[in-house]
Amino acid sequence: LGSVALLPSSLPNVPKTIKSLLHSLLLMYDANMGGVLLSLDDGIKLLPLRPRPNSSRSNNGNNSNGLVGGRIVDDLPYVHYRFQFQGLLFCPNVGMKLKGQVIECTPTF
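Structure report, in brief.

## With respect to the pairing of strand β5 (residues 79–90)
Here's step 1: Looking at chain direction, strand β1 (residues 2–6) and β5 are connected through 5 bridges and run antiparallel. Directly across from A5, in β5, lies its bridge partner H80.
Here's step 2: Alignment of strand β3 (residues 35–46) against β5, held across 7 bridges, turns out to be antiparallel. Note that in β5 the partner of I44 across the bridge is F85.
Here's step 3: With 2 bridges connecting them, strand β4 (residues 71–72) and β5 associate as antiparallel partners. Among the inter-strand pairings, I72 is bridged to a residue of β5, identified as V79.
Here's step 4: Counting the residues between successive antiparallel strands, the hairpin from β4 to β5 contains 6 residues, one of them, D74, with a positive phi of roughly 55°.

Next up, the structure:
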C-alpha cells in the first residue's frame, strides 16, 4: 500500500509509471517501506480515493463512491494516487538469525 504524486505527463499510463518508480527502489533500502525491496510482481492496483478531511459533504464513510483516480491538492501540479502492489521485502529484526550459504568468495569481497 502506498501513495505517489505524479506529474500530468505520466497520466496516459499511471500503473506503468508507478511500476517504473518502484523498479528504481529495487535492491535499495527504503525507510518508508522499512526494508529492501527484493522483487516486484507485475500488477499495480490503483485504489479508491480517500474522502477529503475537510469535506463538507457527508458520504457516510464511503470514499468517493469507490472511484479510482488521482487528486490534485491545492495548486500543486502533481496528481496524487493511492496504490497497492505485491512484492518481496527484506526487513530482518535485530536479534534474528539469518540462514544462508556462501556461493562465491574472492580476495576482494
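## Describing a nonpolar patch on the surface
Here's step 1: A surface patch of nonpolar side chains, about 600 Å² in accessible area, is lined by L27, L38, L88, F90, M96 and L98.
Here's step 2: Residue position: M96 is located in the segment after β5.

## Considering the pairing of β3
Here's step 1: Pairing between strand β2 (residues 29–30) and β3: 2 bridges, direction antiparallel. The residue of β3 that forms the bridge with D30 is G35.
Here's step 2: Linking β2 back to β3 in an antiparallel pair, the connection comprises 4 residues, with G34 at a positive phi of about 80°.

## Topic: the environment of G43
Here's step 1: Within the fold, G43 resides in strand β3.
Here's step 2: Among all residues touching G43, those that are not within four sequence positions of it are Q84, F85 and Q86.

## Considerations on helix α1 (residues 14–23)
Here's step 1: For α1, the set of buried residues is V14, I18 and L22. The buried residues of α1 all sit within an arc of 75° when viewed along its axis, so they share a single face.
Here's step 2: Regarding α1, its N-cap is N13, as a side-chain oxygen of that residue lies 3.3 Å from the backbone nitrogen of K16 further along.

Criteria and thresholds
- Residues numbered from 1 in each chain as written.
- Predicted model: local features only at pLDDT ≥ 70, side-chain atom pairs only at ≥ 80, totals over all residues.
- Heavy atoms only, no water.
- Pairing = 2+ DSSP bridges.
- Helix = DSSP H or I, 4+ residues; strand = E, 2+ residues; numbered from the N terminus.
- Patch = residues over 30% accessible without salt bridge, like charges linked within 9 Å, V, L, I, M, F, W, Y side chains within 5 Å.
- Areas by Shrake-Rupley, 256 points an atom, 1.4 Å probe, with all protein chains shown as cover.
- Salt bridge = Lys/Arg side-chain N within 4 Å of Asp/Glu carboxyl O.
- Contact = heavy atoms within 4.5 Å.
- Buried < 20%, exposed > 50% of the residue type's maximum accessible area, 1.4 Å probe, protein only.
- Arc of directions from axis to C-beta.
- Polar contact = N/O pair within 3.5 Å; in protein donor to acceptor, adjacent residues only side chain to side chain.

It is worth stressing that arrangement in space is one thing and function is another; only the former is reported here.
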